[in-house]
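This is what each chain is made of:
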Amino acid sequence: MYIGYAEYQRNIRRRIDKRALRKFLAGIAVICLLLFIVHAVVSLWSDIYMQRNDVEVVVLYPLPAFEIKAVMAQADAFNQKETAIPVRDASNPLIVIDAGHGGADGGCIRGDVLEKDVNLSIAMHIKEQLAERGYEVLMTREGDETISLEDRVKLANENGATIYISIHQNFYEKEKPDVRGIETYYSSESKTDSKRLAQLMQQQLTDNTDARDRDILANENLYVIRETNMPACLVETGFLSNKEECALLVSEQYQKQLAASIVSGIELYLHPKTMYLTFDDGPSVENTNAVLDALKEHNIKATFFLVGENVEKYPEIARRIVAEGHTIGIHCYSHDYKVLYESVDAYVADFEKAKAVVYEATGVEARLFRFPGGSINSYNKKVYKDIAETMTENGYIYFDWNASLEDAVKKSTPELLLTNAKESTLGRKKVVMLAHDVVYNTTLCIHDLIEQFPEYQMLPLTEEVAPIQF
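The structure contained in this document is the topic of the report that follows. From a predicted model like this one, the values you see are computed outputs, not experimental measurements.

Calculation rules
- Residues numbered from 1 in each chain as written.
- Predicted model: local features only at pLDDT ≥ 70, side-chain atom pairs only at ≥ 80, totals over all residues.
- Heavy atoms only, no water.
- Axes fitted to C-alpha atoms, helices over the stretch in contact; angles between N-to-C directions.
- Helix = DSSP H or I, 4+ residues; strand = E, 2+ residues; numbered from the N terminus.
- Parallel < 35°, antiparallel > 145°, perpendicular 65-115°, else oblique.
- Left-handed = near helix turned anticlockwise from the far one by under 90°.
- Contact = heavy atoms within 4.5 Å.
- Nonpolar A, V, L, I, M, F, W, Y, C, P; charged D, E, K, R; others polar.
- Pairing = 2+ DSSP bridges.
- Buried < 20%, exposed > 50% of the residue type's maximum accessible area, 1.4 Å probe, protein only.
- Phe/Tyr/Trp six-rings, centres within 6.5 Å; stacked < 30°, edge-to-face > 60°.
- Core = buried A, V, L, I, M, F, W, Y, C linked by side-chain atoms within 4.5 Å.

1. What to know about the packing of helix α9 (residues 285-297) against helix α11 (residues 315-323)
In the contact formed by α9 and α11, the axes pass within 11 Å of each other and the chain directions differ by 10°. On the basis of the axis angle, α9 is roughly parallel to α11. Our pair here, α9 against α11, has a crossing hand that is left-handed. Residues Val 285, Thr 288, Asn 289, Leu 292 and Asp 293 of α9 form the contact with α11, whose own contacting residues are Ile 317, Arg 320 and Ile 321. Residues of the contact of α9 with α11, tallied by class, amount to four nonpolar, two polar and two charged.

2. Quick look at the sheet that holds strand β7 (residues 213-218)
Sheet architecture is open: six strands sit in the order β4-β1-β5-β8-β6-β7, paired in mixed fashion. Two strands in the sheet have a free side with no partner beyond their single neighbour: β4 (136-139) and β7. With strand direction ignored, the average angle separating the axes of adjacent strands in the sheet is 20°. Of the pairings in the sheet, the one linking strand β6 (residues 182-186) to strand β8 (residues 232-239) comprises three bridges and is antiparallel in character. Pairing of Tyr 185 across the sheet is with Leu 234, part of β8. Along the sheet, helix α3 (residues 115-132) contacts β1 (94-99), β4, β5 (163-170) and β8; its crossing angle with β5, the most-contacted strand, is approximately 145°.

3. Some points on unusual backbone geometry
Note the cis peptide between Gly 282 and Pro 283, where omega equals 5°. Take Pro 283: it is sitting in the loop between β9 (273-280) and α9. Non-glycine residue Asn 299 carries a positive phi angle of around 55°. Inspection of the secondary structure puts Asn 299 in the loop between α9 and β10 (303-307).

4. Focus on the pairing of β5
Along any regular strand, the residues point their side chains to alternate faces of the sheet. Taking burial as the measure, the eight residues of β5 include eight buried ones, the bulk of the element. Burial of the side chains of β5 extends over both faces: Ile 163, Ile 165, Ile 167 and Gln 169 are buried on one face and Tyr 164, Ser 166, His 168 and Asn 170 on the other. With six bridges connecting them, β5 and β8 associate as parallel partners. Looking at the pairing, Ile 165 lines up with Cys 233 of β8.

5. Thoughts on the packing of aromatic side chains
In total, this model carries 13 aromatic pairs according to the counting rule given. Relative to Tyr 456, the ring of Phe 453 has its centre 5.8 Å away and its plane inclined at 80°; by these criteria the two rings are edge-to-face. Judged by its relative accessible area of 1%, Phe 453 is buried. Using a relative accessible area of 5% as the deciding quantity, one classes Tyr 456 as buried. Each residue in the set Tyr 337, Tyr 341, Tyr 347, Phe 351, Phe 369, Phe 371, Tyr 379, Tyr 396 and Tyr 398 is aromatic and connected to the rest through ring pairs, giving one cluster.

6. Here we look at the nonpolar core
If you look at the biggest cluster of nonpolar residues, it comprises 54 residues, and the most contacted ones within it are Leu 277, Phe 279, Leu 295, Phe 304, Tyr 347, Phe 369 and Met 433. Counting residues per element, this core draws most heavily on helix α13 (residues 344-362), which supplies eight residues. Judged by nonpolar contacts, the second largest core, of 40 residues, contains Ala 99, Ile 165, Leu 249 and Val 263.

7. Regarding the environment of Leu 418
Residue placement: Leu 418 occurs in helix α15 (residues 414-425). Expressed as a C-alpha distance, the spacing of Leu 418 and Ile 446, which sit 28 residues apart in the sequence, is 8.8 Å. Contact partners of Leu 418, with chain neighbours within four places excluded, come to Cys 445, Asp 448, Leu 449 and Gln 452.

8. Notes on the pairing of β9
Across the eight residues that make up β9, a large majority, eight, are buried. Residues of β9 alternate between two faces, with Lys 273, Met 275, Leu 277 and Phe 279 on one and Thr 274, Tyr 276, Thr 278 and Asp 280 on the opposite face, all of them buried. By the bridge criterion, three bridges tie β9 to strand β16 (residues 456-458) in an arrangement that is parallel. Within β16, the position partnered with Thr 274 by the bridge is Gln 457. With seven bridges connecting them, β9 and strand β15 (residues 430-436) associate as parallel partners. Considered in β15, the bridge of Phe 279 is made with Ala 435. Both β9 and β10 contribute to a ladder of three bridges, which runs parallel. Bridging from a neighbouring strand, Thr 278 pairs with Thr 303 of β10.

Below you can see the structure in the form of structure tokens.
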């Protein structure tokens, strides 16, 4: 009896244990299913969010202790950018001048010459010269003190500075006499106009001194120019490792010369001269499209004086010119000088024909025009005054030019065209530049043409622009 009862009890316990196990396993299965569903929902939501917000997926790994500070600094810089006030524009500029290094950080050293001291001296001359011109200047340091890179950037961002310029000196560990000159750094990742600022610094410094031009360089490792919200550049004004250049850099006269060059670059950045790029004789298939591609890349609008015959051949290119925001003017219909300038009536008839073709292709009622060969040339001496008077009375405006690539000649090179353009501007405050978008060599140098004039803002002609006329 006892044995039977005991066996009965064991069987009950087995059944209970099995039921509990089944319930436990069922519970685990439910939990796993719920976790799977939650994971799937979160993953789906995350994918949708990242697609909508262009979020980059980053896999995180444990960082070594020495990298944690750098990561925290980057996070701090991001927070500064998010909370910084808007950058002040050129009408009320605030200029930050950063004297590199300072305090415990002496920078590079040659004998008893410390980079931090040279930097500060040049920076103070810049401040003085800017103040004399009425500019508001903010210095990252005015004495021999240690200022972190983060604090320098924070100062500029939190005050909404217009531009930021950091002054430094260079050094070459293996002393070589030929290693000398000026170079300027900018961040290519910056969405600001830092490259143009760097170009102007380099241009003015090398134009106004005898220093070697070591060009501008993109660099993403320099914190102060990478993390600032405004256009920023870092200028290496010379090599302390070069004996002769070091002697210059500690000279007050040369320091003031460097400062004046930097101030000149700042003023040209804030108050640029104006250039109107104009292209005659198009459109053509390959060449005009190449010019338009370059203008689009540089976010520049220009003016195209079109030939009616070419518009009839390539109306889609004429429409692209209009669609991308450029100005259209009339050049002529046939470009036959003898027929064009036979009489006033002959010129007007050709013009009206070209205008009608342009309107049909683009819907633009062009009011600007350019005489083939210019308003005064060997073909129209007898009639140019009467043509100009008639066209003006009819409400049209003609534009000649005061600078040129001279690209209409048969033999030329891209390098020669760039030289012609540079030399013919003569430093004028207002330039109407003549080029031709049917010339292959012009397309080869169009990028360099734009790059070599950082002191100019490039705009399209309009009816409000006072014309340049011979």
